[in-house]
Amino acid sequence: MPIAPVNGQQLFYRDTGGEGPVLVFSHGLLMDHEMFEPQLEAFGLICRCIAWDERAHGQTAGDDVAPFSYYDSADDLVALLDYLGIERAVLVGMSQGGYLSLRCALTHPQRVEALVLIDTQARVEEPAKLAGYEQMLDVWTRQGLPDSIADDIADIILGPAWHGAEQWKAKWRGWQSHNLKQAFRTLIDRDDISRDIARIEVPALVIHGEADQAITLDRAEDMAGHLRHAEMVTVPEAGHAPNLTHPEPVNAAISRFLKRLGYI
């Protein structure tokens, strides 16, 4: 298995290899590197695509996890680049992956070529949503994942009745409680960087599903407005993970962006 032993972690990653420009894909909360399969298929022959599992997630998750922040995750991403001998990359982050990608651009600007930010934001969670997360987490960690909550999560992340939802529900049922608690703690405790991101100088593409329930469209628009060099694309009828559920318009938007920048 491809594992990068960095920062005290055992980071699982997938690397398509090749000599093209490097794209690093960072997944959302409760997801893993497999959510970017449509993008690896689309860009893997013309770019070097790297998708990885973040702390507490996927094949990086272990029998224990120490408290961490998205700044730690940004450091993990840079350490992974170092491990693979990569100087700079385009960072593609979905939701949580966007949180760490933005922080990487703030703390390691010399390593970032550009940003592709999918259904993410720079602000913190709304209090009402935090209360809902806490209640859901309490039930999940004490009783296991009920079908009703699994269905709700799938509807929020993947959209109603998406054909691939059962695969992800099965993964969620396999989560260990310590990883689950810390993943949500990191989400809940993150800082507001909506003003800080004005310091980011690299070009950014903001992609957002118009029907996203987890992060509403206005929050993406707010983020794009604070970035110096951002353009925005909305995906009609898509929810929180359009790169997975609506890959064609997302891949087309990424392709146009990379071509305009001369990367492909």
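Look up: the structure comes first, before these words.
First things first, this report covers the structure right here in the doc. Each chain has its residues counted from 1, running along the sequence as written. In view of the model being predicted, local features appear only for residues whose pLDDT reaches at least 70, and side-chain atom pairs are presented and counted only at 80 or more, with totals across whole chains, interfaces and linings using the full set of residues. To obtain the side-chain values, all non-hydrogen atoms of the structure were included, while hydrogens and water were left out.

Some remarks on the sheet that holds strand S8 (residues 230–235)
Basically, it comes down to this: Two strands pair under a simple rule: DSSP has to find at least two bridges between them. Only runs of H or I of at least four residues qualify as helices and only runs of E of at least two qualify as strands under DSSP, and these elements are numbered from the N terminus. What counts as an axis is a line fitted to C-alpha atoms, over the stretch in contact for a helix, and the angles between N-to-C directions run from 0 to 180 degrees.
The 8 strands lie next to each other as S1-S2-S4-S3-S5-S6-S7-S8, forming an open sheet whose pairing is mixed. Each edge of the sheet is formed by a strand with only one pairing partner; in this case those strands are strand S1 (3–6) and S8. For this sheet the average axis-to-axis angle between neighbouring strands, irrespective of direction, equals 25 degrees. Where strand S2 (residues 9–15) lies against strand S4 (residues 48–52), 3 bridges are found, and the strand directions are antiparallel. In the sheet register, Arg14 faces S4, and the bridge partner there is Ala51.

Re the nonpolar core
The cut-off we apply is this: Buried residues of nine kinds, namely Ala, Val, Leu, Ile, Met, Phe, Trp, Tyr and Cys, make up a nonpolar core once their side-chain atoms join them within 4.5 Å. Only protein chains enter the accessibility calculation, which uses a 1.4 Å probe; a residue whose area is less than 20% of its type maximum is buried, one above 50% is exposed, and one in between is partly exposed. A contact between two residues is defined here by any heavy atoms of the two lying within 4.5 Å.
Leu30, Leu115, Leu158 and Trp172 are the most contacted members of the largest nonpolar core, which has 93 residues in total. If near-sequence neighbours (up to four positions away) are discounted, Leu115 is found in contact with Leu91, Ser101, Leu102, Ala105, Ile200, Val202, Pro203, Ala204, Leu205 and Phe257.

Focus on the layout of surface pockets
So the rule is basically this: Residues are called lining when one of their atoms sits within 4 Å of a cavity or pocket point, these points coming from a 1 Å grid over the protein atoms alone, where a cavity is a set in which a 1.4 Å probe fits but cannot get out and a pocket is an open set with protein on both sides within 12 Å along at least five of seven lines. Grid points are joined across faces, edges and corners, and a volume is the space filled by probe spheres set on the points. Ten residue types, Ala, Val, Leu, Ile, Met, Phe, Trp, Tyr, Cys and Pro, are classed as nonpolar, four, Asp, Glu, Lys and Arg, as charged, and the remainder, Gly among them, as polar.
Computed from the structure, the largest pocket encloses a volume of approximately 430 Å³. Leu29, Tyr133, Ile156, Ile157 and Ala214 are, among the 23 residues lining the largest pocket, the residues nearest its centre. Mapped by element, the contributors of at least two residues to the lining of the largest pocket are helix H3 (96–107), helix H4 (127–143), helix H5 (147–158) and helix H7 (177–189). Here the residues of the lining of the largest pocket are counted per class, giving 15 nonpolar, 5 polar and 3 charged.

Things to note about the pattern of salt bridges
To be explicit about the condition: Basic side-chain nitrogens of Lys or Arg form a salt bridge, by our definition, when they fall within 4 Å of a carboxyl oxygen of Asp or Glu.
The full count for this structure, using the stated rule, is 21 salt bridges. Notably, a salt bridge pairs Glu134 with Arg185, separated by 3.8 Å at the nearest N-O pair. Note that Glu134 is positioned in helix H4 and Arg185 in helix H7, a separation of 51 residues in sequence. Given a relative accessible area of 33%, Arg185 falls into the partly exposed group. The salt bridge involving Arg260 is made with Glu231; its shortest N-O contact spans 2.1 Å. You can see Arg260 sitting in helix H10 (residues 247–260) and its partner Glu231 sitting in strand S8, a full 29 residues away along the chain. For Glu231, a relative accessible area of 29% corresponds to the partly exposed category. Connected through salt bridges with shared partners, the residues Asp32, Glu34 and Lys171 form a single ionic network.

Some remarks on the pairing of strand S5 (residues 89–94)
Test applied: Seen with its strands pointing away from the viewer, a crossover is right-handed if its path from the first strand over the helix to the second goes clockwise.
Extensive coverage of S5 is indicated by the burial of 6 of its 6 residues. Side chains of S5 alternate between two faces, with Ala89, Leu91 and Gly93 and Val90, Val92 and Met94 buried alike. With 6 bridges joining them, S5 and strand S6 (residues 112–118) adopt parallel strand pairing. Note that in S6 the partner of Ala89 across the bridge is Val112. With H3 bridging S5 and its parallel neighbour S6, the resulting β-α-β unit is right-handed.

Description of the environment of Leu100
Note that Leu100 resides in helix H3. Along the primary structure Leu100 and Gly28 are separated by 72 residues, whereas in three dimensions their C-alpha atoms are 10.0 Å apart.

Remarks on a nonpolar patch on the surface
This is how the line gets drawn: Patches in this entry comprise residues that are over 30% relatively accessible and not in a salt bridge; like charges within 9 Å are linked, as are nonpolar side chains (Val, Leu, Ile, Met, Phe, Trp, Tyr) within 5 Å. Shrake-Rupley sampling with a 1.4 Å probe provides the accessible areas, and residues are treated as covered by the protein chains on show and by no other component.
On the surface, Leu45, Ile46 and Ile264 cluster together into a nonpolar patch covering about 330 Å² of accessible area. Assessed through its relative accessible area of 34%, Ile264 is described here as partly exposed.

As for unusual backbone geometry
A positive phi is found at Ser95, a non-glycine position, where the angle reads about 50 degrees. Mapping Ser95 onto the fold places it in the loop between S5 and H3. One non-glycine residue, Asp119, lies in positive phi territory at about 45 degrees. With respect to the element layout, Asp119 can be found in the loop between S6 and H4. According to the relative accessible area criterion, Asp119 is buried, its value standing at 0%.

Topic: the state of the cysteines
Put simply, the rule is: For this text, the term disulfide refers to a pair of cysteine sulfurs within 2.5 Å.
Scanning all chains against the criterion turns up 0 disulfides. Here Cys47 stays free of any disulfide, with the sulfur of Cys49 as its closest cysteine sulfur at 5.4 Å. Classification of Cys49 as buried rests on a relative accessible area of 0%.

Remarks on the pairing of S6
Residues in a regular strand point their side chains to alternate faces of the sheet. Where burial is concerned, most of S6 is hidden: 6 out of the 7 residues are buried. Bridge count between S6 and strand S7 (residues 204–209): 4 bridges; the pairing is parallel. Pairing of Ile118 across the sheet is with Ile207, part of S7.

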